[in-house]
Every structure is written in structure tokens, then in C-alpha cells.
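If you want the building blocks of each chain, they are given just below.
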Amino acid sequence: MKIAVVGATGQTGQQLVSQALQQGHSVTALVRNPGKLTVTHDNLKVVEADIFSEDSLKLHFKGQDAVLSCLGFPISFFYGVTGYTQSMMAVLNAMREVKVNRIITMTSWYTDPNSGSNSSYFIRFMLLPMIRSVLNNMYEMENFLKQTEDINWTVVRPPGLKNTPTTANEFLTHEGYYVPDENGLPIGQSVSRGDVARFMLSLLNNNAWMKKAVAIITK
């Protein structure tokens, strides 16, 4: 397939670009700083783009089969985070203009402010409050997508991201804000970035999670 990747220079984005190329896809990586993407390949085109500008994006979305987003934005204690919603609005508008109608994006477990009550003490009282500004804007973006009817979107929600090797392990999935065991408690708390990329790419030829948000973790 022909895919456009935004957030391609992030740690998960680089994994996604590499795996997509290995799988034979043609990849256009939209980046702010082309020097940051170290991968080179005949089927890789690296272009400079502004993720908040639909005019900038639509030039590179034209002719693509799908858009995959691994965008991440830093936490902000004072001002709140807006990057997820603002970039998604620009991305969707650009997609509409050039008639691309499939997007796969990633957020996180626990985006819903009430969803962390079964998590461990450390996650619930230390980690989640620290990253809440990011989770809140991810949650807003998810809700914005839920109101989008004309584009086929999927939100992938991984737990904590680790820079460990990609596995071939089976995925456990749940249409919710984390993956629960039979008692409703979270199964594990982290996943390899490479596995998140692997799951996102698997959705290119799979309609199972169309217009849904899915929490994932590996077995």
C-alpha cells in the first residue's frame, strides 16, 4: 500500500516506518526535521511538512491509501496540551480534500479520566497525574474522531511504551481504556514500541477495528 506517516521521527514512528518498508509498503514520512529520520529505502520518501497545516499536509496525502499517525506531544503543567486535537483537525481536513479515507492513530491506556481506578497505586497516584495533560488532549482527540463519520479511523491505545525488541507475541485487545483480566484489573503495564507499530500496520488489511478505539498489550 501507499501510506503517509506523521510523527515518523518519534521512537514509535521510526519503528513503524521500518516495518512498513519491510512489509513492502511505499512510505511517505511527513516530518518537521528530515535530518532526524535515519532510515533510507527506495520506497521511502521523506518530506518536510507542518502537521498543523492542512495545505501542507494535503500535498503529501494525495494518492495515499492510508495515513498512520504516531504523533506525540510533551506534557504541559501550565497551559494544557492541544497538539493532538489541532493536528488531527488539520489531518482530517487534508484527507477529505484529497479523498483519503483511512487513518490509524495511537493514544494510550487511561485517556478517560475515570479509567485508571483499577491501576496500581504508582500508576494511579504518581504517573497518571503527571501525564494527565497529555492524556486529556488524547481523550479530546478520541472524542473528536468518534464524531467523524466520513473517514474510517482507528485509535490504538497501548500501555507504557518500551524500547525493547519487537516480538511475534499474540495481541490481547479490548474495546476500552485498558486491557482487563477476568477481574477487571489491567493485564500488565507496558508494551514494545515495535509491537505497537506491528499492530497498527496489521490494521491496514483488517476492518475489525473500523471507527473504534482499541486497547492493546502483548501476551
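Throughout this document, residue positions are counted from 1 along each chain, in the order its sequence is written. With the structure being a predicted model, the display of local features is reserved for residues of pLDDT at least 70 and the display and counting of side-chain atom pairs for 80 or more, all residues being used for whole-chain, interface and lining totals. Only hydrogens and water are set aside; all other atoms, that is, all heavy atoms of the structure, feed into the side-chain values.

(A) Just the UniProt feature "domain: NAD(P)-binding" (unreviewed entry) in the protein, in detail. UniProt positions are given in the numbering used here, feature names are shortened, and annotations may be inferred rather than shown by experiment. In the numbering used here, UniProt assigns the feature "domain: NAD(P)-binding" (unreviewed entry) to residues 7-206. Counted over residues 7-206, helix gives 36% and strand 18%. Its end C-alpha atoms are 22 Å apart. Only DSSP runs of H or I reaching four residues or more are called helices, and only runs of E reaching two or more are called strands; each is numbered from the N terminus.

(B) Spotlight on unusual backbone geometry. Although it is not a glycine, Y110 sits at a positive phi angle of roughly 65 degrees. By secondary structure assignment, the location of Y110 is in the loop between β5 (102-106) and α4 (121-146). Type-normalised accessible area, obtained with a 1.4 Å probe on protein chains alone, sets the label of each residue: buried when under 20%, exposed when over 50%, and partly exposed for intermediate values. Classification of Y110 by relative accessible area gives buried; the value is 6%. The phi dihedral of K211 is positive, around 55 degrees, even though this residue is not glycine.

(C) Just the pattern of salt bridges, in detail. Each reported salt bridge corresponds to a side-chain nitrogen of Lys or Arg within 4 Å of a carboxyl oxygen of Asp or Glu. Tallied over the full model, the rule gives six salt bridges. One salt bridge in this structure joins K58 and E97, with 2.8 Å as the shortest N-O distance. Of this pair, K58 sits in helix α2 (residues 54-61) while E97 sits in helix α3 (residues 83-97), and the two are 39 residues apart along the sequence. A salt bridge links E170 to K219; its shortest N-O distance comes to 3.5 Å. Pair noted here: E170 is in the loop between β7 (160-162) and β8 (171-174) and K219 is in the segment after β10 (212-218), with a separation of 49 residues, a long-range link. With relative accessibility at 57%, the residue K219 sits in the exposed group. Taken together, the shared-partner salt bridges connect D55, K58 and E97 into one network.

(D) Structural view of the packing of aromatic side chains. In summary, the pairing rule links any two rings of Phe, Tyr or Trp, Trp by its six-membered ring, whose centres are within 6.5 Å, and it sorts them by plane angle into stacked for under 30 degrees, edge-to-face for over 60 and tilted for everything else. By the definition in use, this model includes eight aromatic pairs. When the centroid spacing of 4.9 Å and the interplanar angle of 80 degrees are considered together, the rings of F73 and Y84 count as edge-to-face. Residue F73 is located in the loop between β4 (66-69) and α3, and its partner Y84 is located in helix α3; the two are separated by eleven residues in the primary sequence. Both residues of the pair, F73 and Y84, count as buried. On the basis of an interplanar angle of 65 degrees and a centroid distance of 6.2 Å, the ring pair of Y139 and Y177 is categorised as edge-to-face. Taken together, the positions of Y139 in helix α4 and Y177 in the loop between β8 and β9 (190-192) put the pair 38 residues apart, joining distant regions of the chain. Members of the aromatic cluster, connected to one another through ring pairs, are F52, F73 and Y84.

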